[in-house]
Structure formats: C-alpha cells, structure tokens
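Descriptive structure summary
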Amino acid sequence: ETGVTQTPRHLVMGMTNKKSLKCEQHLGHNAMYWYKQSAKKPLELMFVYSLEERVENNSVPSRFSPECPNSSHLFLHLHTLQPEDSALYLCASSQSMGDTQYFGPGTRLTVL
Amino acid sequence: AQSVTQLDSQVPVFEEAPVELRCNYSSSVSVYLFWYVQYPNQGLQLLLKYLSGSTLVKGINGFEAEFNKSQTSFHLRKPSVHISDTAEYFCAVINTGTASKLTFGTGTRLQVTL
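In this text, all values refer to a predicted model and were calculated from it rather than measured experimentally.

1. Here we look at the overall build of chain A
A count of helical and extended segments in chain A gives 0 helices and 11 strands. Overall, chain A shows an N-to-C arrangement of helices and strands of β-β-β-β-β-β-β-β-β-β-β. In terms of overall size, chain A behaves like a compact globule, its C-alpha atoms giving a radius of gyration of 13 Å where 112 residues would be expected to give roughly 13 Å. Looking at chain A residue by residue over its 112 residues, the buried ones come to 49%.

Below, the structure written as structure tokens:
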C-alpha cells in the first residue's frame, strides 16, 4: 500500500467513549501532522511530529492526545469529546518539516 | 506570520469552459505555494506547487498556476474544465528557510455543470 492511510474512515462515538485514530505513511517521511477540518473553516493544524518528537501543539484541548511510536505511525487518542469536535481529521506527512505535505483520506468523526 | 485569502467561496462553471480560482497571500518573507484539491469524502491531493524557478507551474489534471510576486498571487487556471473537476480547491503557503507551518485558505468550491 502506498501513500498515507488512515483508519477508520468513519467513526461515531459518544461523549464518554475512548477511541483512537490511526495514520500510517509508506513514504519514508520523517514528519507527520494532524489537522482538523470543520465545515466552512480553514484547515486547523493540531500537532506536528518530527523524528517522533512532538514539535508543535496548537493549543489543542487535552481530550486529544497524539502518539507517534515511530516515524511511520501516528495516532490520535480521543476521550470525553464534545459534539463540536465532530469534523474530518486529516493526517499528513512530509520528508521533513517545511517540505511538501501529502495527505491521507481522513477520518470523518461524529460525536453524539 | 503568513496568511492566505481565497476570495471566491464558490465558482460555478460550465463544462469545457475555462476557469480561474484566485489565491492571494501575505508574508514578510519568501514563500512556497501549493494548490490542493479535495474530492467529496476524500483527503487533500497535491495539484501543484511553486518552490522556485519558472513562475508558471503545471500540475496534474491539466491545471496550472502562476506565481506573481508583485501582486502576491498564485491563481489556479484550467483552459477547459470537466465534470470530474468538481471539488474543493485549497491554496496554501509556507515560509521558506524555516520549518514553519503550512497555512491554508478557506477553499473554493468549483462546481462544473453541463
């Protein structure tokens, strides 16, 4: 499989659930990103990892917890989310920070 | 900090007609520029990018864009659109020389009809 993959593609969860989003890149890149895409708003950068270290956290609430166990995998752990967290969550990777980013297909999250 | 403005939220166009999607940016330093396309229920796909060199950049699916430094613009064009070009198009910018973040515009919805 090539490029950037994300699972699951769709997720519905209650406000008390705990779930995780997974991203995997098969491009040999060293940087990975989580974005949130809400209707009628620009893409919001959430987290950036470079060489498995978190280098940016854009004031994201603690109910979102990222994890990067190696340079190919990135997780977003979710707990006690709010309905306003419903959005498309996109993962991207690049050779290094500042290089061209390649995106996965996204996970459509609905919080009830 | 940089910013991106896509003035047109929606652009309706007939099939086989030409189209231009506008993008203006603001930055105090040199930038790299990108256009991404998002088809329904999919992630973002890179259409084209300007890093340096020729200001006219050709991308996939017959799209091209021209970098105009004096007007701080990077408009996307296609001479003849197809129904399958219906999608959301995002312009993005990143400052060169530093590992700064990619800043996106709010997107332009291109609606192609018969």
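2. Some points on the packing of aromatic side chains
Taken as a whole, this structure holds 11 aromatic pairs over all chains when the rule is applied. Pairing tyrosine 35 of chain A with phenylalanine 104 of chain B gives two aromatic rings, centres 5.8 Å apart and planes at 90 degrees, and the pair type is edge-to-face. One end of the pair, tyrosine 35 of chain A, is in strand β4 (residues 31–37); the other, phenylalanine 104 of chain B, is in strand β11 (residues 103–104), on a second chain. The pair formed by tyrosine 35 of chain A and phenylalanine 104 of chain B is uniform in burial state, with each residue classed as buried. On the basis of relative accessibility, which here comes to 5%, the residue phenylalanine 104 of chain B falls in the buried class.

What counts and how
- Note that residues are indexed from 1 along each chain, following the sequence as it is written.
- Written order determines the labels here, with chains lettered from A and ligands numbered from 1.
- The model is predicted, so local features are restricted to residues of pLDDT at least 70 and side-chain atom pairs to those at 80 or more, both for listing and for counting; the totals for chains, interfaces and linings are taken over all residues.
- As a convention, hydrogens and water are excluded, and side-chain values are obtained from all of the structure's heavy atoms.
- The way it works is that DSSP assigns letters per residue, a run of H or I at least four long becomes a helix, a run of E at least two long becomes a strand, and they are numbered from the N terminus.
- For the radius of gyration, the atoms used are the C-alpha atoms, and the globule rule reads 2.2 Å times the number of residues raised to 0.38.
- Exposed residues in this analysis have more than 50% of their type's maximum accessible area, buried residues have under 20%, and partly exposed residues fall in between, with area computed by a 1.4 Å probe over protein chains only.
- Working definition: a ring pair exists when centres of Phe, Tyr or Trp rings (six-membered ring for Trp) sit within 6.5 Å. Plane angles under 30 degrees give stacked, over 60 give edge-to-face, the rest tilted.

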